[in-house]
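# Examination of the molecular architecture
Given next are the chains, with one letter for each unit.
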Number of protein chains: 2
Amino acid sequence: MTNLLPDWTQFTLKEKIGQMIVVRASGYLFDHQIRYPVWEASNPQLSHWLATLNLGGVILLGGSAAELLLRTQQLQKWSKTPLFIAADIEEGVGQRFSGATYFPPPMALGEIAKSDLKLALNYAYKMGKVTAKEALAMGINWILSPIVDVNNNPDNPVINIRSFGDTPEIVSALGKAFIEGAKNHPALTTAKHFPGHGDTSSDSHLDLPLISHDNQRLESLELVPFQAAIEAKVDSVMTAHLLINAWDQQNPATLSKTILTDKLREQLGFQGLIVTDALIMGGVAKFANSEEIAVQAVEAGADILLMPDDPEIAINAVYKAVESDRLSVARIDDSLNRIWQAKQKIFNHQNKTISIYQLSQTEDRETVKNILKDSLKTSKNLPLNVASEELKRNLIVVDDLLNADFLERQMPAFTIPNLLGYDLQLVDQNTLNNVLEDNRETILQIFIRGNPFRGNAGFSEVCKKSYHKVFEKSSIKGLIIYGSPYILDWFKTEMRLDIPWVFSYGQMGESQAIACQTLFNLSAAQLREMSQNLGDVFI
Amino acid sequence: MTNLLPDWTQFTLKEKIGQMIVVRASGYLFDHQIRYPVWEASNPQLSHWLATLNLGGVILLGGSAAELLLRTQQLQKWSKTPLFIAADIEEGVGQRFSGATYFPPPMALGEIAKSDLKLALNYAYKMGKVTAKEALAMGINWILSPIVDVNNNPDNPVINIRSFGDTPEIVSALGKAFIEGAKNHPALTTAKHFPGHGDTSSDSHLDLPLISHDNQRLESLELVPFQAAIEAKVDSVMTAHLLINAWDQQNPATLSKTILTDKLREQLGFQGLIVTDALIMGGVAKFANSEEIAVQAVEAGADILLMPDDPEIAINAVYKAVESDRLSVARIDDSLNRIWQAKQKIFNHQNKTISIYQLSQTEDRETVKNILKDSLKTSKNLPLNVASEELKRNLIVVDDLLNADFLERQMPAFTIPNLLGYDLQLVDQNTLNNVLEDNRETILQIFIRGNPFRGNAGFSEVCKKSYHKVFEKSSIKGLIIYGSPYILDWFKTEMRLDIPWVFSYGQMGESQAIACQTLFNLSAAQLREMSQNLGDVFI
């Protein structure tokens, strides 16, 4: 590393508080590429903050693996103190940064665990190991995963398939295996969202959900995977913006001393970093003003304030709280001690990392394919009739055309049906109602999953009606769903599916290749014979 | 540079021939990101070729600016002899590689030239200068532009707005200014497609177009901009896959000695590199087998064979032709001399290039915005009624959803109408027919332009009928067209447009911001007031 870790005890109080802040920035190199201008500071602003505020770190979103490498080098140069560089990589680094290995969502492993726990544990371990290895190759040193929320509410719009499953046993075991895998490399891991975001039907990005279970239920279900993660020596725990009535009727978990200090630090004995979820999220931002949120989070026990809307305001608020004895210097120093322990793990290490050119190793990509195959659900095949001259339609419906990075020309969801004579029609859910009547033989491919900030799991009543009508008025011969198993359940129940169907947890090219091959019962050899255009990439 | 330019006279004959080959590769770092598996070799194949065949260079497509930098460094390491690295960057580097400056299509400059030639020349000079500066920053040393074809056929599906205009005077002047601008930096320029691809109504990527004009017409029109480019000391000329009856009734220009040697070398006195257009293109690939094409191209006078389907086959074929005295060693050495002249310009230079972090300078982005503003066409504004509670629709039609990199969540074509209460409906032309009836007040935004490999300018008869019906059955209150002015002409004539409309040559975010601001008559201040979400990026 170019920057050596200095002695934090020499920092001024404001410099110490700066280390407790992680700001959001775009992973792209240039300001004109910023996707979220409200949250992502421009480069002049960001470089000024890093040069003057002694910030703890940066959380990045956007850009490819190559861009991230150049970006993290730039950010580290802008800062005197080595930075935490964090990212929400929950499904492998490739989920966020193209080029790296893109794993299926955690729930795919939970699916496998139901029938073969040992195999699923092996996959979770590899997923942690590969994620840590690839994150470090591009300068990311803090992995904001695993999610150890137990997704026991099918209507959960925000956790959904990001969770390992719906029982504390499976989530604990897989979360632990992920953490142990990641420990092969000096990147930090994070168990989130404490004390458990699985049983909510609203999204804390937009509002403050309420959990009304009693203490016994919380301890026997929600807390179990966090205990397991702590036993596995997870480096950090991220707080949830949730109101947990049984423990604190006033404050969201993020701002609750009862929850962060009494429960997490003392009862569960967690010695690592407590990091808040993003402080700009609706669930906490509606609760108080920026100054009060920053001070209360530290008071509650947080070591790191993630994405305050303005780092200077947050630093000054905490500084004033110390000056006025609302917070003690010892409280700040405790956090700095923990921050330094984490930074020493990252930076004072003979870091034998792979080069950027070594991402996406063949064996890691094979692991991805195996997870996809082992978690695939299917009914029966569609009898192939390639020779038919009949007009056929490949109707693809996506939940959001502007948030669909699996839409690339060479993707198997287009190319394989195309080889079999199906013409592509690609629409989003809003337009689905317009394409009801079409007498061509049709296969329907739906890409839909829960995602943060969506507010619902992407499956509205209007949308359900449209699907009912599409099934009545079109000639749907086969169905593939990519993403949410809860949507598959809906189709199975509501449509009494008797056509051939396939379900894949993943949405990436590999998922598409496996799902289409399965629907049409094609071997890799048949595919290769049909077209060299497909290359070997997805076969 | 790490690799020093060796003495080519020490090469074996096969090594010399290797220098005459430029192969295609993906600009992405990893094989699983390859978009065109038929044309783009895998990394093991490519590194093997570069290590063993002494190839002249690589042409890259795909990836961001950051990826390109890492990619070109990797390729140069794989080769003992410093490589040409070429790219089809006709609209600034940002057209192909995100992050860099993205200029409007050349015809926007031609539009400005009609009323203010001096201003247009100034823009063309800057476009050349910025393109060369940014190309070198990411390791691209051979710019495959300017296009100096005179686009005097509105039905031309492939040149279209990629040309500077429809008169030889304007094309000559702007092409020359671009070349002179580029000469500020040691990157090669290319005048293309010799002897002129402007008056065709079919696409040489798919077929071999025929030009049946006589010699006098060709010399007084098509050749004029090439003469101008040669006077401006353009580094290379790219051949066209066209049959020019007046000069050679047998061979496409790419394979014609009469055209490449007699016309270009001797009559026009061009001393630089003659490079073929891609040899895998339908226009020439249908003409003969790979061996014969390679030999004939060299025989005709080409120095560089671009994208032969297999470089080993091409090298061996040319090698055999020398062995059998069909080609002379002197002919090969002449090409090597020219190749070395070009490589010396690139590599034996104290290359003071900018760093990758310095792409997209504010002043260069201002130039882009000014070109867009100065080439905008418009009728009248749409009276604003923001307060209205009426349901309103922002209907966006794109020619191809899988080839639409302007489709990003933060783009002004979505965000500005959204601020004014318009709901997005995004469809491609295939689905247009399904969205005819909708009684909401609608603005229609169409993204359409000619692109290689499309076969037509993207505007089929079916499509025209759909637009007729959309205008009859929906309540279209305003229209924006991004891309082809020929499509605007169609709407003006066929629809007798009396609604407010705006036309922009560009399709990128800046175009969208300027066009939407113009349609709704919004000032930058009004926009900023309406939402901080827009940031300053596009305002």
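Structure: see above.
Residues numbered from 1 in each chain as written. Chains lettered and ligands numbered in written order. Predicted model: local features only at pLDDT ≥ 70, side-chain atom pairs only at ≥ 80, totals over all residues. Heavy atoms only, no water.

### Here's the deal with the interface of chain B and chain A
Contacts between the two partners involve 49 residues from chain B, matched on the other side by 49 residues from chain A. For the pair chain B and chain A, the summed buried area comes to about 4,200 Å², and 58% of that belongs to carbon and sulfur atoms. At the junction of chain B and chain A, the tally comes to four salt bridges. Between Arg35 of chain B and Glu408 of chain A there is a salt bridge; the shortest N-O distance is 3.0 Å. Applying the counting rule to chain B against chain A returns 19 residue pairs in polar contact (both at pLDDT 80 or more). Every element with two or more residues in the side of chain B that touches chain A is listed here: helix H3 (65-78), strand E13 (422-428) and helix H16 (429-432) of chain B. Of the residues forming the side of chain B that touches chain A, the biggest block, seven residues, is contributed by H3 of chain B. (Contact = heavy atoms within 4.5 Å. Buried area = accessible area lost by both parts, 1.4 Å probe. Salt bridge = Lys/Arg side-chain N within 4 Å of Asp/Glu carboxyl O. Polar contact = N/O pair within 3.5 Å; in protein donor to acceptor, adjacent residues only side chain to side chain. Helix = DSSP H or I, 4+ residues; strand = E, 2+ residues; numbered from the N terminus.)

### A closer look at the pattern of salt bridges
Under the criterion given, the structure shown has 50 salt bridges over all chains. Between Asp199 of chain A and Arg217 of chain A there is a salt bridge, with the nearest N and O atoms lying 3.3 Å from each other. Remark: Arg217 of chain A occurs in helix H7 (residues 215-220) and Asp199 of chain A occurs in the loop between strand E5 (190-194) and strand E6 (210-211); sequence separation between them is 18 residues. One salt bridge connects Glu231 of chain B with Lys176 of chain B, and the closest N-O pair in it is separated by 3.7 Å. One end of the pair, Glu231 of chain B, is in helix H8 (residues 224-231); the other, Lys176 of chain B, is in helix H6 (residues 168-182), with 55 residues separating them in the sequence. Lys176 of chain B gets classed as partly exposed once you look at its relative accessible area, which sits at 28%. Within this structure, Asp88, Glu90, Arg162 and Lys192 of chain A form a network of salt bridges that share partners. (Buried < 20%, exposed > 50% of the residue type's maximum accessible area, 1.4 Å probe, protein only.)

### Examining the relation of the copies chain B and chain A
Between the two copies, chain B and chain A, the superposition gives an RMSD of 0.0 Å; the rotation angle is 180° and the shift along the axis is 0.0 Å. This pairing of chains is accounted for by a two-fold axis. Comparing contact sets, 100% of the residues at the interface of chain B also lie at the interface in chain A, consistent with an isologous, same-surface contact. (Least-squares fit on C-alpha atoms with pLDDT ≥ 70 in both.)

### Observations regarding the packing of aromatic side chains
Ring pairs (aromatic) are described by centroid distance and by the angle formed between their planes. Counted according to the given criterion, the structure contains 28 aromatic pairs over all chains. Judged by centre distance (5.8 Å) and plane angle (15°), the rings of Tyr36 of chain B and Trp39 of chain B are stacked. On the basis of relative accessibility, which here comes to 32%, the residue Tyr36 of chain B falls in the partly exposed class. Its relative accessible area of 29% is what places Trp39 of chain B among the partly exposed residues. Among the aromatic residues, those joined into a cluster by ring pairs are Phe459, Tyr467, Phe471, Trp490 and Phe491 of chain A. In this structure, Lys343 of chain B is placed above the aromatic ring of Phe84 of chain B, and the distance from its NZ or CZ to the ring centre is 4.8 Å. (Phe/Tyr/Trp six-rings, centres within 6.5 Å; stacked < 30°, edge-to-face > 60°. Lys NZ or Arg CZ within 6 Å of the ring centre and 35° of its normal.)

### Remarks on unusual backbone geometry
Here Lys192 of chain B and His193 of chain B are connected by a cis peptide whose omega angle stands at 5°. Mapped onto the secondary structure, His193 of chain B falls in strand E5 (residues 190-194). Cis geometry marks the peptide bond from Phe194 of chain B to Pro195 of chain B, where omega comes out at 5°. Structurally, Pro195 of chain B can be placed in the loop between E5 and strand E6 (210-211). Its identity is not glycine, yet Asn160 of chain A carries a phi of approximately 50°, on the positive side. For Asn160 of chain A, the position within the fold is in the loop between strand E4 (142-143) and helix H6 (168-182). Judged by its relative accessible area of 1%, Asn160 of chain A falls in the buried class. Non-glycine residue Lys233 of chain A carries a positive phi angle of around 65°.

### Regarding the sheet that holds strand E12 (residues 392-398) of chain A
Residue and element names in this part refer to chain A. Strand order in this open sheet of six strands is E11-E16-E15-E14-E12-E13, and the pairing throughout is mixed. Strands with a single pairing partner mark the edges of an open sheet, and in this sheet they are strand E11 (377-378) and strand E13 (422-428). Note that E11 and strand E16 (residues 501-504) share two bridges and pair antiparallel. Its bridge partner lying in E16, Lys377 is registered against Phe503. The sheet strands contacting helix H18 (residues 485-494) are E11, strand E14 (438-448), strand E15 (474-483) and E16, and the helix crosses E15 at an angle near 155°. (Pairing = 2+ DSSP bridges. Axes fitted to C-alpha atoms, helices over the stretch in contact; angles between N-to-C directions.)

### Description of helix H15 (residues 412-419) of chain B
All names here are of chain B. Across the eight residues that make up H15, a large majority, six, are buried. Considered for burial, the residues of H15 that qualify are Pro412, Ala413, Phe414, Thr415, Ile416 and Pro417. In this structure, the buried residues of H15 make contact with strand E12 (392-398), E13, strand E14 (438-448), strand E15 (474-483), helix H19 (509-520) and helix H20 (524-530). Of the residues trailing H15, Gly421 is marked for its positive phi of about 95°.

### Regarding helix H4 (residues 106-115) of chain B
Residues and elements named next belong to chain B. Across the ten residues of H4, eight count as buried, placing the element largely inside the fold. Those residues of H4 lying buried are Pro106, Met107, Ala108, Leu109, Gly110, Glu111, Ile112 and Ala113. Residues of H4 that are buried make contact with helix H5 (117-137), H6, helix H14 (362-374), strand E11 (377-378) and helix H18 (485-494).

### Considering the pairing of strand E2 (residues 57-61) of chain B
All names here are of chain B. Burial within E2 is extensive, with four of its five residues counted as buried. Of the strand pairs in this sheet, strand E1 (residues 21-26) and E2 are connected by five bridges, and their pairing is parallel. Residue pairing in the sheet places Val23 in a bridge with Val58 of E2. The parallel pair E1 and E2, bridged by helix H2 (residues 43-52), forms a crossover whose chirality is right-handed. One ladder, built from three bridges, connects E2 with strand E3 (residues 84-87); its direction is parallel. Its bridge partner being in E3, Gly57 is matched across the sheet by Phe84. In this fold, the crossover linking E2 to E3 by way of H3 has right-handed handedness. (Right-handed = clockwise from strand over helix to strand, strands pointing away.)

### Quick word on the packing of helix H11 (residues 290-300) of chain A against helix H12 (residues 311-323) of chain A
All names here are of chain A. Where H11 meets H12, the axes come as close as 8 Å, and the angle between the chain directions of the two elements is 60°. The orientation of H11 relative to H12 falls into the category oblique. Where H11 crosses over H12, the handedness of that crossing is right-handed. Residues Ser290, Glu291, Ala294, Val295 and Val298 of H11 lie in contact with H12, whose contacting residues are Ile313, Ala314, Ala317, Val318 and Ala321. (Parallel < 35°, antiparallel > 145°, perpendicular 65-115°, else oblique. Left-handed = near helix turned anticlockwise from the far one by under 90°.)

### Comments concerning the environment of Ile487 of chain B
Residues and elements named next belong to chain B. Locating Ile487 in the fold gives a position in helix H18. Between the alpha carbons of Ile487 and Ser172 there is a distance of 25 Å; along the sequence they are 315 residues apart. Apart from the residues within four sequence positions on either side, Ile487 is in contact with Ile448, Phe459 and Ile481.

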